[in-house]
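Tertiary structure, described
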Amino acid sequence: MKFLVVALGNPGDKYQNTRHNAGWRAIDAFRENHHYPEWQKFKHGFLGLKRVNGLWCKKDNIILFKPLTFMNLSGSAILKIKNYLKIDTENIIVLLDDINFEIGLVKAREKGSAGGHNGMKSIIACLKTQEIKRIKIGVGKFKNHQDLAGYVLSKLNQDELDNEEKCHEIIFDKIKSFTRK
C-alpha cells in the first residue's frame, strides 16, 4: 500500500519562514530525519523518492510531495500526482498550518471541513471529498483584528521557528500512525 504525504506551502524563498509554510518545514524535516534523498523535481512539485537503476523507489511505502502551485491551488497538483501515482484518496495525508492553535501544538484528523483554510478548500474541491487525513500544525492563534493574509504570510521569528521544530517528532509519529492503519 502506497501513501502520499503532501505538505502545503507556497513556493519561493520569500515564503520560506512564513506561517503558511509550516507544512513544508515539517515535510523537509521528515525527509531528512528518515533519510530520504534530496527532493526530485517532478511534474507539479517535488517528490521524496529515490531513483535506482532508472526506477523510482519509495521509502517505507511513503511518498513525499510538495506541490509547486501556490497554497490556494494545491488541490489541482495533488489530484494530478495522486492519479499519476495511482494512490487512493484514503492514503493521502496533508500537512498544513493552522491559525487556531499555538505554535508547537499538532492535531490530526481523519476528515472534516477546510475550516477556512484555502489550501484545504482546494484539495477538498479537487478530490471531491472531506475524508482526507490531515495533520494540522499550530502557527499561533490568529486574532480577528489582524489581516488574515498578512498574518499567514508573516515570517516566524527564530524563537517561534525553534518552538515549531520541537513538534516535528509529534508530526512524524502522527504520519506513522496514519500509515500503519
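Everything in this summary refers to the structure shown in the same document. None of these values were measured; they are calculated from a predicted model. (Residues numbered from 1 in each chain as written. Predicted model: local features only at pLDDT ≥ 70, side-chain atom pairs only at ≥ 80, totals over all residues. Heavy atoms only, no water.)

**A few points about the overall build of the protein**
Convention followed: Helix and strand definitions follow DSSP, with helices as H or I runs of at least four residues and strands as E runs of at least two, each counted in order from the N terminus. The reference for a compact globule is 2.2 Å times residues^0.38; the radius of gyration itself is calculated from the C-alpha atoms. Throughout this description, buried means an accessible area under 20% of the type-specific maximum (1.4 Å probe, protein chains only), exposed means over 50%, and partly exposed covers the range between. Working rule for contacts: check all heavy atoms of both residues, and any pair within 4.5 Å makes them a contact. Reported accessibility uses the Shrake-Rupley method at a 1.4 Å probe radius. Residues are deemed covered only where the shown protein chains occlude them.
Each helix and strand counted, the protein has six helices and nine strands in total. At 15 Å, the protein has a C-alpha radius of gyration in line with the 16 Å of a compact globule built from 181 residues. Counting only C-alpha atoms, the protein reaches 55 × 35 × 30 Å along its principal axes. Looking at the protein residue by residue over its 181 residues, the buried ones come to 50%. Excluding contacts between residues fewer than 6 apart, the proportion of contacts in the protein whose partners are at least 24 apart in sequence is 71%. Here the protein displays about 9,200 Å² of accessible surface, and carbon together with sulfur accounts for 48% of that area.

**Some points on unusual backbone geometry**
Residue His35 is not a glycine yet carries a positive backbone phi of 60 degrees. For His35, the location among the structural elements is in the loop between helix 1 (22–33) and strand 2 (40–42). A relative accessible area of 66% means that His35 is categorised as exposed. One non-glycine residue, Lys86, lies in the positive phi region at around 55 degrees. Structurally, the position occupied by Lys86 is in the loop between helix 2 (74–85) and strand 7 (92–98). For Lys86, a relative accessible area of 68% puts it in the exposed group.

**Some points on the sheet that holds strand 7**
For clarity, the threshold we go by: Any two strands with at least two DSSP-identified bridges between them are counted as paired. With axes taken as lines fitted to C-alpha atoms, and helix axes fitted only over the stretch in contact, angles between N-to-C directions fall between 0 and 180 degrees.
Across the sheet, which stays open at both edges, the seven strands sit in the order 2-3-6-1-7-9-8 with mixed pairing between neighbours. Where the open sheet ends on each side, the last strands, each with one partner, are strand 2 and strand 8 (106–109). Within the sheet, the average angular offset between the axes of one strand and its neighbour, ignoring direction, is 25 degrees. In the sheet, strand 3 (residues 45–48) pairs with strand 6 (residues 62–67) via four bridges, with the strands oriented antiparallel. Counted as the bridge partner of Gly48 is Leu64 from strand 6. In the packing of helix 1 onto the sheet, the strands contacted are strand 1 (3–7), strand 6, strand 7 and strand 9 (133–138), and the crossing angle to strand 6 comes to about 145 degrees.

**Section: helix 1**
As a reminder of what qualifies: To estimate how far a helix should reach, multiply one less than its number of residues by 1.5 Å.
Compared with an ideal rise of 1.5 Å per residue, which puts 12 residues at 16 Å, helix 1 spans 16 Å between its outermost C-alpha atoms and is within 8% of the ideal. When helix 1 is considered as a whole, its buried residues turn out to be Ala22, Gly23, Trp24, Arg25, Ala26, Ile27, Phe30 and Arg31. Packed against the buried residues of helix 1 are strand 1, strand 6, strand 7, strand 9, helix 5 (158–165) and helix 6 (168–179). His35, located one to two residues past helix 1, shows a positive phi value of around 60 degrees.

**Considering the packing of aromatic side chains**
This is how it is decided: Put simply, two rings from Phe, Tyr or Trp (the six-membered ring, in Trp's case) pair if the centres are within 6.5 Å, and we call them stacked under 30 degrees between planes, edge-to-face over 60, tilted for the rest.
Applying the stated criterion across every chain, the model contains four aromatic pairs. A ring pair is formed by Tyr15 and Phe70, whose centres lie 5.9 Å apart and whose planes are at 80 degrees; its orientation type is edge-to-face. Remark: Phe70 occurs in the loop between strand 6 and helix 2 and Tyr15 occurs in the loop between strand 1 and helix 1; sequence separation between them is 55 residues. Look at Tyr15 and you get buried, because its relative accessible area is 15%. With centroids separated by 5.4 Å and ring planes inclined at 75 degrees, the aromatic side chains of Phe30 and Phe172 adopt a geometry described as edge-to-face. Of this pair, Phe30 sits in helix 1 while Phe172 sits in helix 6, and the two are 142 residues apart along the sequence. Here Phe30 falls in the buried class, since its relative accessible area comes to 2%.

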